[in-house]
Each structure stands twice: as structure tokens, then as C-alpha cells.
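# Observations on the model geometry
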Amino acid sequence: MTGVIKLLYTLKKEFLLITRDVHAVTVLFIMPAVFIMIMSLAMRDLFGLHSSVSIDALAVNRDAGKPAEAFVKAIEALPAFKFRRLEKDATTDRIEEQMLSRDIKFALIVRENFSTVMAGEKGGKGEKPLELLVNPSVNIQTQMVLKGALEEHLARLRHDAFIDRLGGLLDAAGIDSKKLKADKESPIEVRFTYRKGRSSKVPSAVQQSVPAWLVFSMFFIVIPLSNTFISERSQGTLMRLRSMNVSRLSLIVGKMIPYLFINAIQAVIMVAIGMVVVPLFGGTALTLGSSPGGLALIVASVSFSAIALALFIAAVARTTEQATTIGAVLNIIFGALGGIMVPTFVMPRFMQEMAHLSPMAWGLEGFLDIFLRNGGMADVLPESLALIFLGAVMLALTLIILRRLREV
Amino acid sequence: MIDIKHLSKSYHLKPVLDNVNLSVGRGSIMGLLGPNGAGKTTLISILTGVIGKDSGEVSVGGLDLDRELGRIQSMCSYVPQTLAFYPRLSARENLEYFGSLWGLRGRKLKERMTFSIDVGSMGAFVEKRVDTLSGGMKRRLNLAIGLLNEPEILYLDEPTVGVDTQSRNYILKTIVQLNRERKTTIVYTSHYMDEIEQVSDEIAVIDEGRIVLHDTKEAILAHADAVLIRVGEMGNPAVTALSSHPGIGVEKGMVHIKRDQRFEENMAAVFTVFHEHGIGVDDIVFGRRTLEELFLKLTNVRLRDEE
């Protein structure tokens, strides 16, 4: 009973210290909340099904034929691109000048021989019917998307033209030529794969950014915790506590438990921001997975690992300035490496391998298992065990260092 | 109350305490003097159980330090020279937290807090955040936290560093009052010799890990109570003549005469010898040889941080 009361007073003390520390509140609560808002809204269209972002492009139709006009109209209807038509006799120099001056990514030139080629005749001089000018700032993936769309529409036009040419023969054979024409809708059904059963959940920016910045902010507990610990050490408070029959282990545990609560509060607040606040600004609402136990396990594991790392830094650093610098640099490296700042799926293979070195990546993967892949406790167990193991090693090292230093 | 026998402690093979023998009587105030790095804080850290000893025996209140550390700690309190509390909490929140760690709660905790607030005369600022308080107020809080568990033994490590005269005076008065009214045994370290002289019943001087002097204050000050006469060259016959008088001491270039019952007689004898041997007087220091002078003599005056 006395132990519980001591713990409650310790909890109260740590909460008062945190809430009265403007820097700690900023780092632990305000910074991740702002990051979640910004990243969820900024990256909304990267994941969204109905993107409002369109890539500017120019279209020049130098062919007077109907197939060319139909093709340009079909291309203009592509959702990801916003085509602006130039006059048919616009020179290549003028097109290029407009692309560079207005940062237009593509210019599609439909050459004079387009309709002729579509009709199955030789286009003369062996010239290709389409010319695509590409701004060098465009990445290869976007270029492939447009190229694929152009080729798909070209193939449809060719197919339909062929059916039209066979029209009389097909009628004679009693075949409805309209049914043979290409479908306007894509024949491909896209479905996302989840760990547990089927889900209508669609990956969204908020599903990615909430766990990412939550993990990042949980690890940032290293700064207030190590600063408090070093201040207690240098002010002689820890020595006073030791003289009051408080063991080293009790001091460590008494420091860990309040911060586990603080990390849990961070998790609740960040999830609430994802579910309630982000939608108010036009973003998608965060949806939780179906495993509260799995979520609790990964939150506790990330928290344990972050707190143990903070105590280790507090043990090795001599001043609060040292601890702040080491903690901040380490967190930013872990964040950059672990897919917090840049999602790992856009990283090259070797960087994806390197990401496994960051404990933030383990935590993030655990959260994504729950939030995105509908996973359960068993799915987050490998990441949780890795985080707990790291935390245990850090704690053991902390106790050894404190014992050797004899300062606490 | 505290009995230390052959206590030794080393850090990285360098002895910090070397065969320390010391006893502190129940209900007394012992002033512990020593230059920086002499071993004062290490000694208190061992007595309070913060660090272990290498060898020797320590008993506190009849309890063995090795076997009854928990009980010993519950009857002691340590007030470090640093301001060992939480600056972002109020004085009351600090008292409440440290009181809870002593296992106090409910009415008992409130009573002990009230007592500590009264002793520290902190009623006017107890609700204020500590980082807004003056140095003197912080020192009083530091002491008040140390009184929460009604300690039988109070270790005070330089409790008046950096405070104004009023607060210093208040703290000293409080310490003496605690000792007289509650019979609290107090071990008091300070660099201020006048403080030690003012509050202590016993004085111990520690230097380079060894106790070089330990006696009652009266005995030490009686030894220190002398008139100093600095002289020029003094031959052996004069030294022999002076040394034959009890109460007269001769050192190189210096004669000191104790202020005891033979003081006047000895003064006359000294000047007779000077006259007979043609010894000129360079300087006379009338009045007392202070505790500070004695301390400097015992600890060889030199600056330790230059070593």
C-alpha cells in the first residue's frame, strides 16, 4: 500500500514537472500534433483514391482527323493530368519555352500522321504518331504512368478502328460489332490485402502519418526525461533520495512508470487528432485496427524502449546540454532511417534494409500492422520483442554505469 | 550516537578516507571541518548509506550500518549542500513529495509538513514555485525537507552557502533550537569557522581522509586561545628559558602564550627573557588565535586545488 502511495506521489510529481516545462510540452505534444496535421493534409492526395492534384501538361493536335481529336479528348479526361491545348501550328520551340517558363511537366504532340497510322496505313517517313516532351524534373514513375495511359488509349483506338473496318463482315456474320469494342472502364479490380480478413479500409496519409509521428514523439521523451534525471543528479536530489532508503532500481522504476503513462497519453492524444481533428481540415479520418490488445502492446513496447534509451543517455551524458544534443541527433537519425520522415516504400532496397537498424522502424511497423494491415497481437509480437530487448539492454547498461559512477 | 572505527574508503585505488576513527555523542552538534576534497562528503555519504565503505565498522544509534541500513536511514536525514529538490514545484509540493517517500500520508503527512513549514518559517512562500524564491528561502526549504521524518540524526552539509545574513542567522538558530529542544544529533559541515564555533559542541577536522583533530569546542578553543608574538632571531638559551614555562609555546620566529590562569605571569616572563637575550619584537597579535587560524595551521594552509 505504501509503495502504491509513493508511486502515486511520484506520478503526480513527474506530471507537474512535465506540464510546467514548456519545452517538454512542446516536444512531446505540440510538435507531433502539428506534424500529424501537416503531413496528413500535405500527403492526403498521395494516398487518396480521388486525387485533387493534377499534373500540368500541354497538348498540341497537328492532325485534323477525327481519331486524333477523339484521342486528345480521351487524354484530356485523365484524372491525374490537366492538359491545356495549344494551337496546332505551335512550334516545338514555343512549346518548350512554355514548359520551362511555367514548369509544365509534359507536352503531348499529336503529329499530322496520327489518323493515318490509326487507320492502319503507313505514316510516311516512318515517323511515330505521338511525341512526348518531358520536363527533366519529372520522376520516372510519373512519366511511366502517362506513357502507359497514352499507350492504353492508342491500343483502344486501334482496336476500335479495326472493329469498324470489319463492321460489314461482322454484321453479315450476325455479330454485334459494338460488343467487341473496348470497354471504357478498366477491367481491373483493385483490392487491398490485410492480415485479418477483408476490410474496406483504404490506405490514407493519416493512417501513415499518425503512427509515424507518434513513434517519433514517443522517442522524444528522451529529452525531458534525461534532462530531469541529470538535473536531479547534479542538484544532489538523487543522492538525497538514496539517503532516504530509495534504491537505485526504485529510482529507475519510479522514473519509468510516470513516463510510460505520459507516452500512453501521447498515444491517446495523437490518435484522437487523427480521428477527430484531421477530418475537420479536410483530411481522411484515422481508423483504428481491430486489436486494442495489439495496439496497447506496441505502445508499451515503444514506450519501454524509448524510456530505457533516455535513461541510458542520462547516465552517459554529463550535462543536460549534452543529453539534449545526443537525444535530438539520435532521434532525428532514427527517424530519417526508420521511415518516419520518408516512408520506407519509396526508399531504394539497401536503404530499406538499413531502416531495420532503427528502433523507430520497428515501432512504426508494429503500428502499421494494427492501423493498416488489420493485424493483431501476434502480428506485432516480433517488433514488440525487439523493442523490449533493446530496452532491457539499455536498462542493464544504465544500472551498470550508475553503479560505476557512484553518483546515484 | 555515531561510532566510527578504522573506516577506510578508496576511489580508483586513491584513499579518500584513511582509517577514520570518530564518535559523535547523542544529542550533540559536531562541526566537521575540512578543506575541499578532504573526505567530508564521502564520510557523510557512507554514514547515510548512499555509498558503501571498503573497511571499518560504523554503528549509528547502536545499529550496525552493514546490517541495519534501512533502520538507520529511517532515523537519519541528510541535507545536501546543493539545493536538492524540484525547482518547478512549489515548496509545499516538494514537502509533500519527499514526505510521501518517508511513508507519510494523510494527517501525519500534513502535521509533519506544518512542522517543517513552521521551522523553516516558510508560511509566506510555501505555495510559490521554488524557482521564484530567493537563495535564503531555498536554503530554508532544503533544511525543512530534511526535518520531515523527525530525524534523530541530521547531517547538514554546508547548509548556509550563498544566503543572506538574516537567513543564515535564522538557519543557525534553528539548528541549535532543534538540537536543544528535540535532542537531535547534528553533524554539521561548513567552511565558515564562525558558524562552527557558534553552533558546535564538538569539532572534528578532517584532512586528506584523516581526522587530524577531534575534541570538544571548549578544549579546542582553549588550545587556540593565545597571544602571538613574532620575533627575529632567537638563540637556544632563550628558547630553553621560554619553554620551561607551562603555557608558553615556541615555534620558529613565534612565541604564543595561552590565555590561562598563568597568562599574566607568563607574559611577564616572556618579556623578561626577551630583555635578557636582546630579542626584538616584530609584531604582537593580541586577542584570540581563531579557529580559522588553527584550521589553517592543521591543514597546512596551501590551496588543495592547485595540486
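Small disclaimer: the values here were computed from a predicted structure and weren't measured. (Residues numbered from 1 in each chain as written. Chains lettered and ligands numbered in written order. Predicted model: local features only at pLDDT ≥ 70, side-chain atom pairs only at ≥ 80, totals over all residues. Heavy atoms only, no water.)

## Notes on the overall build of chain B
For chain B, the count of helices and strands is 11 helices and 14 strands. Counting the 307 residues in chain B, one finds 50% classified as buried. Put simply, 69% of the contacts in chain B that link residues at least 6 apart link residues at least 24 apart. Within the structure as shown, chain B displays about 14,200 Å² of accessible surface, and the carbon and sulfur contribution to it stands at 49%. Between the centroid of the 37 positive side chains of chain B and the centroid of its 42 negative side chains there is a distance of 7 Å. (Helix = DSSP H or I, 4+ residues; strand = E, 2+ residues; numbered from the N terminus. Buried < 20%, exposed > 50% of the residue type's maximum accessible area, 1.4 Å probe, protein only. Contact = heavy atoms within 4.5 Å. Areas by Shrake-Rupley, 256 points an atom, 1.4 Å probe, with all protein chains shown as cover. Lys, Arg positive; Asp, Glu negative; His and termini not counted. Charge placed at Lys NZ, Arg CZ, Asp CG, Glu CD.)

## Observations regarding the pairing of strand 9 (residues 202–207) of chain B
The side chains of a regular strand alternate, residue by residue, between the two faces of the sheet. Residue and element names in this part refer to chain B. Burial analysis of strand 9 places 6 of its 6 residues in the buried class, which makes it a mostly covered element. Burial along strand 9 is two-sided: Glu 202, Ala 204 and Ile 206 facing one way and Ile 203, Val 205 and Asp 207 facing the other are all buried. As judged from the 4 bridges shared by strand 3 (residues 29–33) and strand 9, these two strands associate in the parallel manner. Its bridge partner lying in strand 9, Leu 33 is registered against Val 205. Two strands pair when backbone bridges link them, and strand 9 and strand 10 (residues 210–216) are joined in this way by 6 bridges, in the antiparallel orientation. Bridging across to strand 10, Asp 207 finds its partner in Arg 210. (Pairing = 2+ DSSP bridges.)

## Considerations on the confidence of the model for chain B
Residues and elements named next belong to chain B. Residues of chain B with pLDDT of at least 70 account for 91%, and the chain-wide mean is 85. By mean pLDDT, the top-scoring element of chain B is helix 3 (residues 91–101) (94), and the lowest-scoring one is helix 11 (residues 291–298) (66). As a predicted assembly, this complex carries a pTM of 0.70 together with an ipTM value of 0.75. (pLDDT = per-residue confidence, 0-100.)

## Looking at the environment of Gly 146 of chain B
Mapped onto the fold, Gly 146 of chain B is located in the loop between helix 5 (135–145) and strand 7 (153–157). Classification of Gly 146 of chain B as buried rests on a relative accessible area of 1%. Spatially, the C-alpha atoms of Gly 146 of chain B and Glu 208 of chain B are 28 Å apart, while their sequence positions differ by 62 residues. With residues near it in sequence (within four places) discarded, Gly 146 of chain B still touches Arg 240 of chain A together with Ser 77, Val 79, Pro 151 and Leu 154 of chain B.

## Topic: the interface of chain B and chain A
Contact with chain B, which involves 35 residues of that partner, is made by 26 residues of chain A. Carbon and sulfur atoms supply 59% of the area that chain B and chain A bury against each other, a total of about 3,000 Å² over both sides. Note that Asp 21 of chain A and Arg 88 of chain B form a salt bridge whose closest N and O atoms lie 3.8 Å from each other. If you look at where chain B meets chain A, you find 13 residue pairs in polar contact (both at pLDDT 80 or more). Listed by contribution, the elements that provide at least two residues to the side of chain B that touches chain A are strand 1 (2–11), helix 1 (40–47), helix 2 (69–75), strand 6 (76–79), helix 3 and helix 5 of chain B. Tallying contributions element by element places helix 3 of chain B first for the side of chain B that touches chain A, with 6 residues. Looking at the side of chain B that touches chain A residue by residue, the classes come out as 18 nonpolar, 11 polar and 6 charged. (Buried area = accessible area lost by both parts, 1.4 Å probe. Salt bridge = Lys/Arg side-chain N within 4 Å of Asp/Glu carboxyl O. Polar contact = N/O pair within 3.5 Å; in protein donor to acceptor, adjacent residues only side chain to side chain. Nonpolar A, V, L, I, M, F, W, Y, C, P; charged D, E, K, R; others polar.)

## So, the sheet that holds strand 4 (residues 130–134) of chain A
Residue and element names in this part refer to chain A. Pairing in this open sheet of 4 strands is mixed, and the strands run 2-1-3-4 from one edge to the other. Here the strands that pair on one side only, and so sit at the sheet edges, are strand 2 (81–86) and strand 4. Here the average twist between neighbouring strands, direction ignored, is 20°. Relative to strand 4, strand 3 (residues 106–110) runs antiparallel, the two sharing 5 bridges. Within the sheet, the bridge partner assigned to Phe 106 lies in strand 4 and is Val 134. Set on the sheet, helix 4 (residues 66–76) makes contact with strand 1 (55–61), strand 2, strand 3 and strand 4; between it and strand 2 the angle comes to about 145°. Sheet strands in contact with helix 5 (residues 92–101) are strand 1, strand 2, strand 3 and strand 4, and its direction is about 35° off that of strand 4. (Axes fitted to C-alpha atoms, helices over the stretch in contact; angles between N-to-C directions.)

## Some details on the domain arrangement of chain A
When the parts come together, some accessible area is lost, and that loss is often what is quoted as the size of the interface. Domain assignment breaks chain A into domain 1 (2–46 + 203–405) and domain 2 (52–180). Relative to domain 2 of chain A, the C-alpha centre of domain 1 of chain A lies at a distance of 52 Å. (Domains from an automatic or database assignment.)

## Quick word on the nonpolar core
Formed by 97 residues in total, the largest nonpolar core has its most connected members in Leu 241 and Phe 367 of chain A together with Leu 95 and Phe 98 of chain B. Examining the composition of this core, we find that 13 residues originate from one element, helix 14 (residues 292–316) of chain A, more than from any other. Other than its neighbours up to four places away in sequence, Leu 95 of chain B contacts Met 113, Ser 116, Ile 117, Met 122, Val 126, Leu 141, Ala 144, Ile 145 and Leu 148 of chain B. (Core = buried A, V, L, I, M, F, W, Y, C linked by side-chain atoms within 4.5 Å.)

## Here we look at the sheet that holds strand 2 (residues 14–24) of chain B
Residues and elements named next belong to chain B. Spatial ordering of the open sheet is given by 2-1-4-5, a layout of 4 strands whose pairing is antiparallel. Where the open sheet ends on each side, the last strands, each with one partner, are strand 2 and strand 5 (63–64). Relative to strand 1, helix 1 is tilted by about 115°, and along the sheet it contacts strand 1, strand 2 and strand 4 (55–60).

## Section: the side chain of Asn 331 of chain A
Residues and elements named next belong to chain A. Note that Asn 331 resides in helix 15 (residues 320–337). The class of Asn 331 is buried, set by a relative accessible area of 1%. Other than its neighbours up to four places away in sequence, Asn 331 contacts Phe 216, Phe 219, Phe 220, Val 222 and Met 360.

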